[in-house]
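Understanding the architecture of this molecule
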Amino acid sequence: MRRWRTLGAVVVLVALAIAGTTAVLMVVGRGIDDHQRAKEEALVALRLERALVRMREDLTTTTVWDEAAARLSGPADLDWIDANVAAFMHIQRGHHATLLYDDEGRLLRLSREGRPAETGSEGDFARAAAPLIAQVRREAGTRPRDVVADAAVRTAAGAVRVDGEVWLLGVSSVVRHTRAGVIPDQDPVVASFRPISAMV
């Protein structure tokens, strides 16, 4: 009988040790999962931040340019826009859609995949870009008109949803890069979209 009591006590102690070890492993495992999740979230936030900086840089390669400021401020030169801005943004920068506005805020062109899109198809992209376009136009409207290049350009970037997809959006004012360039009363604006999958 004494043997059974001793054996029973050993079984209970072993069961308690197993239960305790399991509980400790669960707590540690949960802590590791939480830590890993936090690391992954921080990594995604950092990658998104870098992607948005890149969107701004992509745009300023074409928006800080005397010829762009002149061509987007005068009568619309759609052939020039298609060849020098829309196609460049798609081929060289991987942007899917680009909206170009003149110095009075009128939409001149929507290009998709570097080619002119049908008139009227800009709706969802234009609506998604409207808040950042308004922000850039506001900031550009208050800048000193005698500055050039990086001192003159105003940009913004963010993530937006269009037709259920998430896109990276960059918006930039179009300014002269030399003192010889034109100085419109208001700066033209370019808004361009890249699929968020481009971050992967």
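Coordinates for the structure precede this section.
A brief look at the structure comes next. (Residues numbered from 1 in each chain as written. Predicted model: local features only at pLDDT ≥ 70, side-chain atom pairs only at ≥ 80, totals over all residues. Heavy atoms only, no water.)

**Let's talk about the overall build of the protein**
- Scanning the protein for helices and strands turns up 4 helices and 6 strands.
- Computed over C-alpha atoms, the radius of gyration of the protein comes to 28 Å, more than 25% over the 16 Å expected from 2.2 N^0.38 for 200 residues, which places it beyond the range of a compact globule.
- Dimensions of the protein, computed from C-alpha atoms along their principal axes, come out at roughly 105 × 35 × 25 Å.
- A buried classification covers 37% of the 200 residues belonging to the protein.
- Considering only contacts within the protein whose residues lie at least 6 apart along the sequence, 67% involve residues at least 24 apart.
- Surface summary for the protein: the accessible area is close to 11,500 Å², and the carbon and sulfur share equals 58%.
- Within the protein, one finds 26 positive and 26 negative side-chain charges whose respective centroids are separated by 13 Å. (Helix = DSSP H or I, 4+ residues; strand = E, 2+ residues; numbered from the N terminus. Rg over C-alpha atoms; globule rule 2.2 N^0.38 Å. Buried < 20%, exposed > 50% of the residue type's maximum accessible area, 1.4 Å probe, protein only. Contact = heavy atoms within 4.5 Å. Areas by Shrake-Rupley, 256 points an atom, 1.4 Å probe, with all protein chains shown as cover. Lys, Arg positive; Asp, Glu negative; His and termini not counted. Charge placed at Lys NZ, Arg CZ, Asp CG, Glu CD.)

**Side note on the sheet that holds strand E6 (residues 189-195)**
- Strand order in the open sheet formed by 6 strands is E3-E2-E1-E6-E5-E4, with antiparallel pairing between adjacent strands. Lying at the two open borders of the sheet, with one neighbouring strand each, are strand E3 (115-116) and strand E4 (155-162).
- Where E4 meets strand E5 (residues 165-173), 8 bridges bridge the pair, whose relative direction is antiparallel. Bridge pairing in E5 places Val160 opposite Trp167.
- Contacts from helix H4 (residues 123-141) reach strand E1 (97-101), strand E2 (107-112), E4, E5 and E6 within the one sheet, and its direction differs from that of E4 by about 165°. (Pairing = 2+ DSSP bridges. Axes fitted to C-alpha atoms, helices over the stretch in contact; angles between N-to-C directions.)

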